Amino acid sequence: METTTQNHALSNNQKWTIASTSAGFALENMDVMFLSFALSSIIADLHISGAQAGLISSITNLGMLAGGILFGILADRFGRVRVFSHTIFIFAFATAAMGFASNIYWIYFFRFLAGIGAGGEYGVGITLIAESFNRNKIGKMTSIAAIGGQMGAILAAVAAAFIIPTLGWKALFVLGLVPVALTYFIRRHLRESDEFLAAKQEPKDQQNPVQIRALFKTPRLAYQTVALMVMVIVQIAGYFGLMNWLPAIMQQKLGLTVSGSSVWMIATIVGMSVGMMTFGSILDYFGPRRAFGIFLLASALAVFSITLAFNQVTLILAGAIIGFFSNGMFGGYGAVISRLYPTEIRSTANNVIVNVGRAVGGFSSVVIGFLMDHYTLTVVMGFLSVLYIISFTVMLTIPSLRKMGQVNEN
């Protein structure tokens, strides 16, 4: 059952839903990028090793997995809006607490807490969107929310450029308190979807407790859940692998300087954002199999464009092309998961599937680092290309996607 407005104009609750989720994702991604920009300063200030520094992001991803499971279950049981605001509150204060960390162990602790909040936020926010819009708009709306995350990366870059040189890395993380204000507006303006409220009005003896094993209830459902996890693992592996290593690849392997790294980053993010909107529109009109099929195969080819870059202009162009295809799909996973799983486990499904992908896919940076040390750039890109082919093959084997057809079907 889809409970949404039939009018072209958005209702107030729909406007607040897309605004709050986009802002939440932007602030979450800003928090993640704060760590990227501050990492070298943290290493120098706390005198930690590269291995200790590398563990920070891994611990954050583990926190996301824990938070995704916990808050997904809570959102399905007690409501999306209340839990969504709590997740933002947690990662906001945990981020700000980084400004008071005196050693690496406090950083591990605060990053794990921030991960718990951020991991819970994703699935709950996506579920809010899925239950607030017609099915022929879910792909586009989840893509808009995902674009919000990319805007957070730009804000983080600007903030880091001004704050770290003058006030230091700790002052940068104190900005993490900004999202606290968002929780006030969420509580004041958002309401639970009619679909969720209707599900909760069923007699208590007919309501099953929310459990992770519900995602694996039958062999068919278990395969669907695992297959989607594999696809998200590839999505995350491609994103983190490329974003973490592209500048280094250009400098070390192709002998190019990236003096305009901020221009490169913005061009890549613009490519990602345009790709997200394009993917969302294709998904809404032609269904997930065509949308994922086009973008996964194109990603498998696009990664090799980086091997053809020979100056800064071609580097920026290659970054935009790779960003368009490789990360354009991100918003689509939440849209598809939200349609494949029923209301009572929708948040749990989104959070568990995506955060397993984050926890596993995040290690791609380590694999790519190893490949860079021992093989050529073509081999590195070939590894990523094979991952996208694997995801494409797995996608074709999910029976439910075949049955979905066009998302805007009547």
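Calculation notes
Residues numbered from 1 in each chain as written. Predicted model: local features only at pLDDT ≥ 70, side-chain atom pairs only at ≥ 80, totals over all residues. Heavy atoms only, no water. Helix = DSSP H or I, 4+ residues; strand = E, 2+ residues; numbered from the N terminus. Buried < 20%, exposed > 50% of the residue type's maximum accessible area, 1.4 Å probe, protein only. Contact = heavy atoms within 4.5 Å. Areas by Shrake-Rupley, 256 points an atom, 1.4 Å probe, with all protein chains shown as cover. Phe/Tyr/Trp six-rings, centres within 6.5 Å; stacked < 30°, edge-to-face > 60°. Core = buried A, V, L, I, M, F, W, Y, C linked by side-chain atoms within 4.5 Å. Axes fitted to C-alpha atoms, helices over the stretch in contact; angles between N-to-C directions. Parallel < 35°, antiparallel > 145°, perpendicular 65-115°, else oblique. Left-handed = near helix turned anticlockwise from the far one by under 90°. Nonpolar A, V, L, I, M, F, W, Y, C, P; charged D, E, K, R; others polar. Salt bridge = Lys/Arg side-chain N within 4 Å of Asp/Glu carboxyl O. Patch = residues over 30% accessible without salt bridge, like charges linked within 9 Å, V, L, I, M, F, W, Y side chains within 5 Å. Expected span 1.5 Å × (residues − 1). Bend = angle between axes of the 7 residues up to and from the residue.

(A) Representation of the overall build of the protein chain. Per the secondary structure count, the protein chain includes 17 helices and zero strands. Counting over 410 residues, the protein chain shows a buried share of 58%. A fraction of 85% describes how many contacts in the protein chain between residues 6 or more apart in sequence connect residues 24 or more apart. Counting only carbon and sulfur atoms, one obtains 67% of the accessible surface of the protein chain, whose full area is about 17000 Å².

(B) Structural view of the side chain of S364. Checked against the element boundaries, S364 lands in helix 15 (residues 364-374). Judged by relative accessible area, which is 5%, S364 ranks as buried.

(C) Structural view of the packing of aromatic side chains. Across all of its chains, the model carries 15 aromatic pairs by this definition. Geometrically, the ring pair formed by F89 and F93 is tilted, given 4.7 Å between the ring centres and 55 degrees between the ring planes. Of the two residues, F89 and F93 are both situated in helix 3 (residues 80-97); the distance of four residues between them amounts to about one turn of the helix. Among the aromatic side chains, those forming a connected cluster through ring pairs are F279, F292, F295, F324, F325 and Y333.

(D) Looking closely at the nonpolar core. Counting residues in each nonpolar core, the largest one holds 65 residues, and the members touching the most others are L228, M231, F292, M329, Y341, M381 and Y388. Ranked by the residues each element gives to this core, the list is headed by helix 9 (residues 219-252), at 10 residues. Once residues lying within four places of it in the same chain are set aside, the contact partners of F292 are M231, F279, M329, G332, Y333, V336 and M395. Formed by 42 residues, the second largest nonpolar core is a distinct cluster that contains L35, V81, F84 and L182.

(E) Summary view of the packing of helix 1 (residues 12-46) against helix 2 (residues 50-78). Where helix 1 meets helix 2, the axes come as close as 10 Å, and the angle between the chain directions of the two elements is 160 degrees. Regarding the angle of helix 1 to helix 2, the classification is roughly antiparallel. The handedness of the crossing between helix 1 and helix 2 comes out as right-handed. For the pair formed by helix 1 and helix 2, the contact residues are E28, V32, L35, L39 and I43 on the first element and A53, I56 and M64 on the second. Here the contact of helix 1 with helix 2 is composed, by residue class, of seven nonpolar, no polar and one charged.

(F) Molecular detail of unusual backbone geometry. Backbone geometry at H47 places phi at a positive 55 degrees, although glycine is not the residue there. In this structure, H47 sits in the loop between helix 1 and helix 2.

(G) Structural context of the pattern of salt bridges. Applying the stated criterion across every chain yields a total of five salt bridges. In this structure, R111 engages D31 in a salt bridge whose closest nitrogen and oxygen atoms are separated by 3.1 Å. Of the two residues, R111 sits in helix 4 (residues 104-130) while D31 sits in helix 1, which places them 80 residues apart along the sequence. Here R111 and D31 have matching classes, each one buried. Notably, a salt bridge pairs D76 with R80, separated by 2.7 Å at the nearest N-O pair. With respect to burial, D76 and R80 carry one shared label: buried.

(H) Structural context of the packing of helix 11 (residues 288-302) against helix 16 (residues 377-396). The contact between helix 11 and helix 16 brings their axes to 8 Å, and the two run at 160 degrees. In terms of orientation, helix 11 and helix 16 fall into the roughly antiparallel class. Read as a crossing pair, helix 11 and helix 16 show a hand that is left-handed. On helix 16, the residues that touch R289, F292, G293, L296, L297, S299 and A300 of helix 11 are S385, Y388, I389, S391, F392, M395 and L396.

(I) Broad picture of a nonpolar patch on the surface. Nonpolar side chains collect at one region of the surface, where F89, F93, F100, V174 and L177 lie side by side and expose about 490 Å² of accessible area between them. Note on F93: relative accessible area 40%, which makes it partly exposed.

(J) Layout of helix 5 (residues 138-167). Its 30 residues place the ends of helix 5 42 Å apart at the C-alpha level, agreeing with the 44 Å of an ideal helix rising 1.5 Å per residue. Residue A160 marks the point of greatest curvature in helix 5, where the axis turns by about 30 degrees.

(K) Quick peek at the environment of T225. Here T225 is to be found in helix 9. With relative accessibility at 0%, the residue T225 sits in the buried group. Sequence spacing of T225 and L215 is 10 residues, and the spatial spacing of their C-alpha atoms is 6.5 Å.

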